[in-house]
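One letter stands for each residue in the lines below.
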Amino acid sequence: MSLKKSAFAALAAISFALPALADGIMIEDPYARASTMMSQSGAAFMVLKNMTDSDDRLVGASSDVAERVELHTHISDAQGVMQMVEVEEGFPIPAGGSHALARGGDHVMFLGLTRPLQQGDVIQVTLSFEKAGDITVDIPVDLQRKPMHGQMNHGTMKMTN
């Protein structure tokens with residue numbers, strides 16, 4: 001690889017390590033994944049930080065990587081079965097606080113993938129906030145990342161609408 005290509009690759013890697021910041025909302029450590037190469041769905045995870053002194057809310061998301069993009073979470077039913085459900089009201093981000101989108105919890109869900117999510121790809125996702133407006137984020141696909149301790153899904157999961 002030429003020196004120019006090496007420098008560009010290093011710069012690209014550093015840019016993904018830096019948090020995105022727009023209108024007082026900081027997006028840290030974003031990544032996306034699908035469970036298999038043949039999956040029709042995938043998800044994105046990140047930490048949303050509100051750097052303002054006013055509460056905000058993530059109310060939607062969009063991307064050309066999927067036919068539908070929804071905000072989802074996991075809940076346990078009366079039998080202890082984990083269900084993935086859409087959160088139509090979105091996720092609150094308190095003033096000066098943060099909200100983690102993590103595996104086994106709240107996340108951005110891609111339904112009807114228009115292309116496979118392959119290791120090392122970068123996808124664009126537009127996050128829509130109640131007050132901050134739309135923020136477009138470049139999210140790297142990381143199929144090898146393991147969930148952090150405490151975020152493991154220990155139940156059976158099914159999707160509901």
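Along each chain, the written sequence defines residue order, and numbers are assigned to residues from 1. Under the rules for a predicted model, residues below a pLDDT of 70 receive no local features and side-chain atom pairs below 80 are neither given nor counted, while totals for whole chains, interfaces and linings still include all residues. Note that the side-chain values use all heavy atoms of the structure and ignore hydrogens as well as water.

### A few points about the overall build of the protein
The criterion, for reference: Working definition: helices are DSSP H or I runs of at least four residues, strands are E runs of at least two. Numbering for both runs from the N terminus. When accessible area is computed with a 1.4 Å probe and restricted to protein chains, residues below 20% of their type maximum are described as buried, those above 50% as exposed, and intermediate ones as partly exposed. The contact rule is simple, with two residues in contact once any of their heavy atoms fall within 4.5 Å. Accessible surface is estimated by sampling points in the Shrake-Rupley manner with a 1.4 Å probe; for residues, cover comes only from the protein chains shown.
Secondary structure summary: the protein contains 1 helix and 12 strands in total. Sorting the 161 residues of the protein into buried and exposed places 41% on the buried side. Relative to all contacts within the protein whose residues are 6 or more apart in sequence, the contacts with residues 24 or more apart total 67%. On the protein, roughly 9100 Å² of surface is accessible, and the fraction owed to carbon and sulfur atoms is 55%.

### Examining the pattern of salt bridges
Under the convention used in this document: Only one rule defines a salt bridge in this text: a Lys or Arg side-chain nitrogen within 4 Å of an Asp or Glu carboxyl oxygen.
Counted under the stated rule, the structure contains 5 salt bridges. With a shortest N-O distance of 3.6 Å, arginine 115 and aspartate 64 are connected by a salt bridge. In this pair, arginine 115 sits in the loop between β9 (107-113) and β10 (122-129) while aspartate 64 sits in the loop between β4 (56-62) and β5 (66-76), placing the two residues 51 residues apart along the sequence. According to the relative accessible area criterion, arginine 115 is partly exposed, its value standing at 34%. A residue is classified by how much of its surface remains accessible, and aspartate 64, at 55% relative accessible area, is exposed. Glutamate 70 serves as the salt-bridge partner of arginine 68, at 3.1 Å between the closest nitrogen and oxygen. Owing to a relative accessible area of 42%, arginine 68 belongs among the partly exposed residues under this scheme.

### Thoughts on the environment of aspartate 29
Worth spelling out the cut-off: Nitrogen and oxygen atoms within 3.5 Å of one another constitute a polar contact, given that in protein one can donate a hydrogen and the other can accept it, and given that sequence-neighbouring residues count only through two side-chain atoms.
Take aspartate 29: it is sitting in strand β2 (residues 25-33). With relative accessibility at 47%, the residue aspartate 29 sits in the partly exposed group. Contacts of aspartate 29, omitting those with residues within four sequence positions, involve Phe45, Met46 and Arg145. Only 3.0 Å separates the side chain of aspartate 29 from the side chain of arginine 145, close enough to count as a polar contact.

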